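Take a look at the letters that make up each chain.
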Amino acid sequence: MTTDFNRIAGSSAFVIQKMAALEANPTPSRMTLDDLLAETRQYLTIQESEKIRAAYQLASKAHSGVVRRSGEPYIQHPLEVAFLLTEMRIDADGIISALLHDVVEDTDYSLEDLRAHFGNAVATIVDGVTKFDALAGRPAKTADGPDGANPSDEPPSVIDKRRQRTETVRKMLVAMAEDPRVVVLKLADRLHNMRTLGAMKPSQQQNTARETSEIYAPLARRLGMALVQAELEDMALAYLDPQKYQWLVQQVEEEIEQRRPYVQQVCKTLEEEMERAGIRAEVRAWQKHLASINRKLEDMPRQHGSEISELHDLVSFRILVDTDHECYLALGHIHALWRPKDGRIKDFIATPKMNGYQSLHTTVFCLDNRLAEIQIRTHDMQRTADYGIASYWYLRERMGKDDSTIHSWRLSYREMVAWIEQLRQWQRELPQQSADEFVETVKDDLFQEQIFVFTPKGEVRDLPRGSTPLDMAYRIHTDIGDHCAGARIITNMDDTGRLVTRLVPLDYELKGGEIVDIMVNDEVHPTRDWLAFAHTAAARTKIRRYLKTYEREINLQLGRERLDLALKTAGFGGFSEQIQSILHATYKSADANSPLKKYSALDDIYVALGREDLSIESVIECLQPLLQHDTQLEHTNTASRSKASTHLREGDLGSVSLVKLAQCCCPIPGDAIIGFLHPSKGMIVHRTDCRSLRRYRTIPNALVEVNWLQIELPAYLLPVIIVAHDRSGLLRDVTAVVADASINLTSVTSNTNTASQKAVISATLEISTDGALDQVERIFRRLRQVKSVVSVERNLHMKG
């Protein structure tokens, strides 16, 4: 039985001591090769240790003469990084890669040299780190910064830094998908850089600390490397907000000292209980690290100044045992000793977190009825909790087939690599994405708070808080997401605690602990409404990809309509064959900087406009020079056109070879109309209130009086606007009513205002000539009867 009363301060105490030591002695004693080899011999073979020695000798020769800003030889940095990895018990290839990780980038040695001396694995890891550094825009290491650099005093722009940071994350995640040791090495590299950050200028300290807080610490958390995460977060806080950091140090020390008798008594009671149960256990008291305490304080409503005294989990208790069975046995004895708090018992052994974390958690009413959080785990689970994925190589080697904990370890590691495999899948599925798009896809999993839900088979799925059944369906498989019709959930009723089964829609917000059964229907497929239902960027990306693939025709038509509207608004008369010819000539002759250059056909441009991937303003800007020239030619022909129009009288339309209804105002029988004679298109019939006619009213005799008796067409287009309370299936119900009325739907779009929960559907109906007015009244009446519909009106100025 071992009880650790003195380890109350946990990782925060280590960081505080480290920072104080650096302030007192900026040049602490240096790590040596003998120190590194002594540590590696505790778990590696003699042959592997000799390879590490050879790697050090090569690195020392390569970096000879290079110093850091602190004045120490540059070789000290890779040596310290390698030692950090030995503490994590990383394998020999990982340690060799740490010693050599700057050699290829900074010296004359090549990857082939490293491959010849140390094998493919080392070359691959070093290559991943080198590519990452080069892509991240890291300066040359011939000087002496914490990354080996002595950067210019000229700061990069905010945009450049944001782009660099985004590209950094993307490359790091892609490299991790190939070999996790790349990122473990980068995290160790950053950890040593933070420990030596005091040698840098204040502005560089701020930039490095902010990047550490925003990128590296969350990544360490996602990989289960709790000790690395805690130290990175605390040191970043010390540089970003030194006053807050010092205040926390003082307040926490005072609070810990006040709680010491209570903590010692709890530890003693737990020790005695484990001894009575015959369980060999180590009892520890563990303090939350400072950055975590700071987050908790910021989330609490401040009423009485400092609330550190109100944090019952400022100090938690850990019981380390030998086997999984003893974990559950210890939990039973603790609950027999103290009453557990409802809803605060969590089993992460049977259902590990996605970062591999395993433990039993319980919160009990302890001595003096005070709440205490107790965590129970094996020693191997503790190593995994401390070092996450970095512990894999060590545990893999020491566990035999008959080891009683190997099943638990495999389960933990399986959850860990599941997320890495997901990164590989995203990398394969999204090869054309930019760095911004890729990071947007994965940042939900990296940076946001997660909830844990279960499949009907008991498998754990972690999702960002706010996720819906649609997000979970796409997380399982793209095909399941594409045909998701809803979900059946099993959850606890808050008032009774009973388990109930409910059917929920696509936009239902999932809650932690629910069992979620995704319902699939082959007739269901993504619509644009789904983009509002999906919470994660990964699900939205897959929905957009489906829409891009299967809604091309709709986007094609929508793009033409948007271009037509923009042309009329700009005073160029709308979409026509002549405009199409001009657009074709424009994109064929476009230079490399033109937004039209990347499209191989006109239809691709229209589709891009329909999807809003291409801005309508940029297209008009490209067309404007040729359109203005065409307009001048149009005015030179005005006299001849006006002369011809004066000969047209009522009843004379038979002499006109072609009569069309204007697409800008879509007149139908019963509307007041007027004609415009186009030299190449024939007679274009508009409503008299059409906005497009304004440019022709100043031209004498440009317009001709016509009536409906002179017009014989098979069908008329009727643009309508439908306003409704937004709900799932609204667009489907509207289109079904139109189809039941045997009316053709030529185009449809919908937009949703999430604030007001109102949906606006814009559609164009094709009305037959016979009984046109009756058809309009009948279809309007049926549409108004659709559930949630508020109003149905003609869109009288759709494109005017």
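From a predicted model like this one, the values you see are computed outputs, not experimental measurements.

Trainee: Can you walk me through the overall build of the protein chain in this structure?
Mentor: Broken down by element type, the protein chain carries 30 helices and 20 strands. Sorting the 800 residues of the protein chain into buried and exposed places 51% on the buried side. For the protein chain, the share of sequence-separated contacts (at least 6 apart) that also reach a separation of at least 24 residues comes to 69%. As displayed, the protein chain has an accessible area near 37700 Å², and 49% of this comes from carbon and sulfur atoms.

Trainee: Would you explain the nonpolar core in this entry?
Mentor: Across soluble globular proteins, nonpolar side chains show a tendency to be buried alongside one another. Grouped together as the largest cluster of nonpolar side chains are 63 residues, with contacts concentrated most on Leu85, Leu100 and Met225. The greatest single-element share of this core, amounting to 8 residues, is contributed by helix H10 (residues 181–195).

Trainee: So what exactly am I meant to see when it comes to helix H3 (residues 46–62) here?
Mentor: Every α-helix winds through 3.6 residues per turn, so residues three or four apart in the chain are directed the same way. With 17 residues, H3 extends 25 Å between its outermost C-alpha atoms, agreeing within 8% with the 24 Å of an ideal straight helix rising 1.5 Å per residue. The complete set of buried residues in H3 reads Ser49, Ile52, Ala55, Tyr56, Leu58, Ala59 and Ala62. Those residues of H3 that are buried lie in contact with helix H2 (33–40), helix H4 (76–87), helix H5 (92–100), helix H6 (103–106) and helix H7 (111–118).

Trainee: Teacher, can you tell me more about the side chain of arginine 318 here?
Mentor: Along the chain, arginine 318 turns up in strand S3 (residues 315–321). The side chain of arginine 318 is buried and forms no salt bridge, while aspartate 386, the nearest opposite charge, is found at 4.8 Å. A distance of 3.0 Å separates the side chain of arginine 318 from the side chain of glutamine 375, its partner in a polar contact. Ignoring anything within four residues of it in the chain, the contact list for arginine 318 reads Glu282, Val283, Arg284, Trp286, Gln375, Arg377 and Gln382.

Trainee: Just checking my understanding: could you explain the pattern of salt bridges for this structure?
Mentor: Side chains carrying opposite charge are able to pair once their charged atoms draw close together. A full pass over the atoms with the stated rule returns 21 salt bridges. For aspartate 517, the salt bridge goes to arginine 488, with nearest N and O atoms at 3.1 Å. Pair noted here: aspartate 517 is in strand S12 (residues 515–520) and arginine 488 is in strand S10 (residues 484–492), with a separation of 29 residues, a long-range link. Three or more residues are tied together by salt bridges with common partners; here these are Lys288, Lys296 and Asp313.

Trainee: Where do I start with the packing of helix H13 (residues 242–276) against helix H14 (residues 290–299) in this structure?
Mentor: Each pair of packed helices gets described by two things: the angle between the helix axes and the distance between those axes. It is at 11 Å that the axes of H13 and H14 come closest, and there the two elements cross at 95°. In terms of their interaxial angle, H13 and H14 are classed as roughly perpendicular. Only Leu290, Ile293, Asn294, Leu297 and Glu298 of H14 make contact with H13, whose side of the interface consists of Lys244, Tyr245, Trp247, Leu248, Val249 and Val252. Among the residues making up the contact of H13 with H14, the classes are represented as 8 nonpolar, 1 polar and 2 charged.

Trainee: Hey, could you run me through helix H30 (residues 772–784) in this one?
Mentor: Helix length check: H30, at 13 residues, gives a terminal C-alpha distance of 18 Å against a target of 18 Å (1.5 Å per residue), a fit within 8%. Buried residues belonging to H30 abut strand S17 (715–725), helix H29 (730–740), strand S19 (758–768) and strand S20 (789–794).

Trainee: Whenever I open this one, unusual backbone geometry confuses me. Can you help?
Mentor: A positive phi angle, near 60°, is found at arginine 89, a position not held by glycine. On the secondary structure map, arginine 89 appears in the loop between H4 and H5. You will see that serine 742, though not glycine, has its phi angle at about 60°, which is positive. With respect to the secondary-structure elements, serine 742 resides in the loop between H29 and strand S18 (744–753).

Trainee: Which parts of the structure should I look at to understand the packing of aromatic side chains?
Mentor: Think of a pair of aromatic rings as described by two things: how far the centres are apart, and how the planes are tilted against each other in angle. Enumeration over the complete set of coordinates arrives at 1 aromatic pair. Its end group placed over the ring of phenylalanine 365, arginine 339 keeps NZ or CZ at 4.2 Å from the ring centre. Seen from the ring of tyrosine 262, arginine 370 lies directly overhead, with NZ or CZ sitting 3.9 Å from the centre.

Trainee: Honestly, the sheet that holds S17 in this entry has me stumped. Any pointers?
Mentor: The strand order across the open sheet built from 4 strands is S18-S19-S17-S20, with neighbouring strands paired in antiparallel fashion. Looking along the sheet, the strands with just one partner apiece sit at the ends: S18 and S20. Adjacent strand axes in the sheet meet at a mean angle of 20°, parallel and antiparallel pairs treated alike. Where S17 lies against S20, 5 bridges are found, and the strand directions are antiparallel. Bridge pairing links isoleucine 721 to glutamate 793 in S20.

Trainee: Explanation requested: the environment of glutamate 48 in the structure shown.
Mentor: Summarising the element assignment, glutamate 48 is placed in helix H3. For glutamate 48, a relative accessible area of 28% corresponds to the partly exposed category. The spatial distance from the C-alpha of glutamate 48 to the C-alpha of isoleucine 95 is 10.0 Å, given a sequence separation of 47 residues. Here the side chain of glutamate 48 touches threonine 45 through a polar contact of 3.0 Å, landing on its backbone nitrogen.

Trainee: Looking at this structure, how should I read the pairing of S17?
Mentor: Consecutive residues of a regular strand have side chains that alternate between opposite faces of the sheet. Across 11 bridges, the pairing between S17 and S19 is antiparallel. Residue pairing in the sheet places valine 720 in a bridge with alanine 763 of S19.

Trainee: In this structure, what is going on with the confidence of the model for the protein chain? I would like to understand it.
Mentor: Fine structural detail should not be taken from predicted coordinates in areas where pLDDT scores are low. Confidence in the prediction of the protein chain, expressed as mean pLDDT, is 78, and 73% of residues score 70 or more. The model gives residues 1–15 a pLDDT under 50, and that stretch makes 46 contacts with residues more than four places away or in other chains. Scored below 50 in pLDDT, residues 133–156 makes 63 contacts in the model with residues more than four places away or belonging to other chains.

Trainee: Which parts of the structure should I look at to understand the side chain of aspartate 471?
Mentor: Following the sequence through the fold, aspartate 471 ends up in helix H20 (residues 469–476). Buried and unpaired, aspartate 471 has arginine 540 as its nearest opposite-charge partner, separated by 6.1 Å. A distance of 2.8 Å separates a polar side-chain atom of aspartate 471 from the backbone nitrogen of threonine 468. Side-chain polar atoms of aspartate 471 contact the side chain of threonine 536, separated by 2.8 Å. Setting aside residues no more than four positions away along its own chain, aspartate 471 makes contact with Leu463, Phe533, Ala534, His535, Thr536 and Ala539.

Reading guide: rules and limits
Residues numbered from 1 in each chain as written. Predicted model: local features only at pLDDT ≥ 70, side-chain atom pairs only at ≥ 80, totals over all residues. Heavy atoms only, no water. Helix = DSSP H or I, 4+ residues; strand = E, 2+ residues; numbered from the N terminus. Buried < 20%, exposed > 50% of the residue type's maximum accessible area, 1.4 Å probe, protein only. Contact = heavy atoms within 4.5 Å. Areas by Shrake-Rupley, 256 points an atom, 1.4 Å probe, with all protein chains shown as cover. Core = buried A, V, L, I, M, F, W, Y, C linked by side-chain atoms within 4.5 Å. Expected span 1.5 Å × (residues − 1). Lys, Arg positive; Asp, Glu negative; His and termini not counted. Salt bridge = Lys/Arg side-chain N within 4 Å of Asp/Glu carboxyl O. Polar contact = N/O pair within 3.5 Å; in protein donor to acceptor, adjacent residues only side chain to side chain. Axes fitted to C-alpha atoms, helices over the stretch in contact; angles between N-to-C directions. Parallel < 35°, antiparallel > 145°, perpendicular 65-115°, else oblique. Nonpolar A, V, L, I, M, F, W, Y, C, P; charged D, E, K, R; others polar. Phe/Tyr/Trp six-rings, centres within 6.5 Å; stacked < 30°, edge-to-face > 60°. Lys NZ or Arg CZ within 6 Å of the ring centre and 35° of its normal. Pairing = 2+ DSSP bridges. pLDDT = per-residue confidence, 0-100.

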